[in-house]
Amino acid sequence: MKNKPLIVLLILCVIMSILNDRFWTWGNIITVLRQTSINAVIATGMTFAILIGGIDLSVGSVLAICGAIAASMISSGYDVVLTVVLTLLLGLGIGLVNGVLISKGRLQPFIATLGTMTLLRGVTLVYTQGKPIRTTGAEESVLFSKIGTGYFLHIPIPIYIMILVFIIAYFILRHLRIGRYIYALGSNEEATMYSGIKTDNVKLFVYSASGLLAALAGIIVTARLSSAQPTAGAGYELDAIAAVVLGGTSMAGGIGAISGTVIGALIIGLLNNALNLLQVPSYYQDVAKGVVILIAVLMDRKQKAAR
Amino acid sequence: MSETIIAMKNIAKEFSGVRVLKNVSFNIYDGKVMALVGENGAGKSTLMKILTGVYTKTSGQIFAYGKEVNFSNPKDSQRSGIAFIHQELNLIRHLSIGENIFLGREPVSKLGNINWKQLYNESKQWLDKLGLKEDPRELVGNLSVGKQQLVEIAKALSLNAKVIIMDEPTGALTVAETEKLFSVIRELKANGHSIVYISHRLKEIFEICDDVTVLRDGELICEKSIDELDEDKIIEMMVGRKLDEQYPRIPCEPGEVVLDVRDLTNKFVKDVSFTLRQGEILGIAGLMGAGRTELARTLYGVYRKDRGEIILENRKLRLRHPTDALKQGIAYVSEDRKGNGIVLGLNVRENITLSALRSYSGRIGKISRSKEEQSVQNYIQSMTIKTSGSGQLLKYLSGGNQQKVSIAKNLDAKPKVLILDEPTRGVDVGAKKEIYELINQFKKQGMSIIMISSEIPEILGMSDRIMVMHEGRIMGTLDRAEATQEKIMTLAVGKEVS
């Protein structure tokens, strides 16, 4: 019984296939995966942050500001590639600032990213003047919107992006030096420093990666809607944290894996889908989601305590 | 002789089968200051923790004011008028002096709210008795260590303490603060209090104490009036341990000077100069707080130096981080294994290669698992690390095997100078011997070794030269031929060797 998150996911699948015969249709599965992709991309960066014993609350706001910048670039006629690259760099830069505040400024990750979260939300509202920025009509708009709405071999592009992000994150954590340092730092920061590793640099990497992935999620959301909403991404940090924790990653750092986050994100995506299919009123959906998250995490806790 | 108010008789204590105290008797006399001395690990703290109810004794009896007592927790001993002032003071920095004095027993009014007026008035009275002019509303964190100590004493007095135990009370005090403390102690004595004074500083003991109890290896060596003793006699009694032949020392032909340290000075060490030759083991002895670990960590780049030079193979080093030290060829096996020596949540393989991970990875940083595995298997075999495999998490290994992993990690960085800080702390006898043999192997391979240890026989048994530190300074360096336990201890307590 090693993989509790997977069991929770399978139980949910079984329950759904009994309750609703539309669940196991190709169309619905694709919908679940596509809806999961945004959270999955953000949760991957969050996995890095939580693995080093930190947190990144700013991801939702990074998504919003990056989406807004991308939308206005496209609507002013910039090239899609340039827009995507600059938007990703912006996300990376914001993440780097988070990293500097946390490593050099010695701020608690929670406080530092709470600050940037609030600040960037404000910046987004000022920048957009509280109104959506539409990309429709611009020259590059059609190509740009493909990032969110396009298909390749009958599968939506965001799903490919999600899978690619997962593979890269897996490779980083399992095969690269920086991945090893992430686990070491999360388990014992002092011993990691004593082993000659510049822990500040590891933190900079992690928060930059989280910022970059939040920007990527911002691009997908904006492209899908052909519009950047000033309130986009609000509360997304919580869904991402839930996915990471559901995946068995320890909030204390050092323990966890990207495979867990894959499953955690799927559980949340599936839950949203299931509650819609079952026509649960939206107010009750949050109640149900909260209950499932608590039960899943409690099961995981018990298993770890028993060990 | 005045009346005995506390008598501990034939106290023994075992920790999971290991005897740390054997038939120790200890007396506290009315209105007197009793010194309690002994090396690190002689059993002083254990004895005092038994007296104050922190530990329960395995056998023996304790009499307080003529009646047998059994303290099962510190509250019990407090009620019998015994207070323990720990070396690391037990005050809460963010609370005021008064709040600290009355913590947990604040005076309350009828409604149950704290009567602040009474609390601060009474605090003021206690402070006045000790000649402390501070406002009791002042936060403890704003006081000097010397004054904090007096607050602890005020707290003890307010608890009606008859007996006050002070553990290394002058460790962090200035000369003036020490004088102040001594006058307070004399005052307390005059008012009929008894003091237990634990200290490494023999001079102070001769200044303030009436009687001396010496412990060694958990045994009572003697209890005498101070008039019958001098410093040399106390030192002799503290060490006098039998040297058995368990140290596989090998002769060395020291080569070139590898490490040359000149006038190294920072917050922890003062004007430290020494050299280390190739293939040599330099032992560093000293008592707790002598600055040995801090010296090692300065050489390893954890602490910055303010002044002085560290020269490795004729190159001046600038060390700002352990990564710099490792790159230059200085490695450090920490005394605080779980704190910063190893990562308990990583496995054997990941721990061993952590410091030198670069040598297992290519340009983009991809780790070659096969190369890693091969090297780790080598270490596991050559160092006989007992583990179910390289994938075993470190937290499931015994202390000795964890220590071997910690050493292997440092070896993997291919150091020229290996600093071992308490390399056998917390490992069992068998593993100890294996570690000694490993150290000798490194020596044979031409590595230069600095070994810090609190066990004088270990230092004597392994080192080619012995450097003794006291309060951040080097008190003297002894050649192996001339070194004795007595000489080391004499230097360690800050006296010159004649």
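Higher on the page you've got the structure.
Structure report, in brief. Since the model is a prediction, treat every value here as computed from it, not as a measurement.

## With respect to the overall build of chain A
Helix and strand content of chain A: 13 helices and 4 strands. Dimensions of chain A, computed from C-alpha atoms along their principal axes, come out at roughly 60 × 55 × 35 Å. Counting only residues that meet the buried cut, chain A has 53% of its 307 residues in that class. Partitioning the intrachain contacts of chain A with sequence separation of at least 6 by distance along the chain shows that 80% fall at a separation of at least 24.

## Considerations on the nonpolar core
In terms of nonpolar packing, the biggest core is built from 239 residues, with A:Ile42, B:Ile164, B:Tyr197 and B:Ile419 touching the most fellow members. No other element matches the 15 residues that helix H10 (residues 199-225) of chain A contributes to this core. Sequence-distant contacts of B:Ile164, that is, excluding residues within four places in its chain, are made with B:Ala83, B:Ile85, B:Ile153, B:Ala156, B:Leu188, B:His193 and B:Ile195.

## Some thoughts on the environment of A:Leu63
Residue and element names in this part refer to chain A. Counting through the fold element by element, Leu-63 comes out in helix H3 (residues 59-75). Along the backbone, Leu-63 and Ala-43 are 20 residues apart, and their C-alpha atoms lie at a distance of 13 Å. With residues up to four places along the chain from it excluded, the contact list for Leu-63 reads Ala-214, Ala-217, Gly-218, Val-221, Ala-232, Gly-233 and Tyr-236.

## What to know about the packing of helix H6 (residues 141-149) of chain A against H10(A)
All names here are of chain A. Where H6 contacts H10, the axes come no closer than 6 Å and their chain directions differ by 110 degrees. Relative to H10, H6 is oriented roughly perpendicular. Of the two possible hands of crossing, H6 and H10 adopt the one that is left-handed. Contacts between H6 and H10 pair Phe-144, Ser-145, Ile-147, Gly-148 and Thr-149 from the former with Ile-219, Ile-220, Ala-223 and Arg-224 from the latter. Tallied by class, the residues present in the contact of H6 with H10 amount to 5 nonpolar, 3 polar and 1 charged.

## Quick notes on the packing of H3(A) against helix H5 (residues 109-128) of chain A
Residues and elements named next belong to chain A. Two elements in contact, H3 and H5, have axes separated by 8 Å at closest approach and are oriented at 25 degrees. As far as their axial angle goes, H5 and H3 are roughly parallel. Seen from above, H3 lies across H5 with left-handed handedness. Of the residues in H5, those in contact with Gly-60, Ser-61, Val-62, Ala-64, Ile-65 and Ala-68 of H3 are Met-117, Leu-120, Arg-121, Val-123, Thr-124, Tyr-127 and Thr-128. For the contact of H3 with H5, the per-class residue count stands at 8 nonpolar, 4 polar and 1 charged.

## Looking at the sheet that holds strand S12 (residues 272-277) of chain B
All names here are of chain B. One open sheet accounts for 4 strands, arranged S12-S11-S14-S15; its pairing is antiparallel. At either end of the open sheet lies a strand with only one pairing partner, and these are S12 and strand S15 (315-316). With 5 bridges joining them, strand S11 (residues 257-265) and strand S14 (residues 307-312) adopt antiparallel strand pairing. When the sheet's bridge partners are listed, Val-261 is paired in S14 with Ile-310.

## Quick word on the interface of chain A and chain B
Contacts between chain A and chain B engage 20 residues on the former and 22 residues on the latter. Where the side of chain A that touches chain B is concerned, the elements lending two or more residues are helix H8 (177-187) and helix H9 (189-194) of chain A. A per-element tally of the side of chain A that touches chain B places H8(A) first, with 6 residues. Looking at the side of chain A that touches chain B residue by residue, the classes come out as 9 nonpolar, 7 polar and 4 charged.

Rules behind the numbers
- Residues numbered from 1 in each chain as written.
- Chains lettered and ligands numbered in written order.
- Predicted model: local features only at pLDDT ≥ 70, side-chain atom pairs only at ≥ 80, totals over all residues.
- Helix = DSSP H or I, 4+ residues; strand = E, 2+ residues; numbered from the N terminus.
- Buried ≥ 20, exposed ≤ 12 C-beta atoms within 10 Å, placed from the backbone.
- Contact = placed C-beta atoms within 7 Å.
- Core = buried A, V, L, I, M, F, W, Y, C linked by C-beta atoms within 7 Å.
- Axes fitted to C-alpha atoms, helices over the stretch in contact; angles between N-to-C directions.
- Parallel < 35°, antiparallel > 145°, perpendicular 65-115°, else oblique.
- Left-handed = near helix turned anticlockwise from the far one by under 90°.
- Nonpolar A, V, L, I, M, F, W, Y, C, P; charged D, E, K, R; others polar.
- Pairing = 2+ DSSP bridges.

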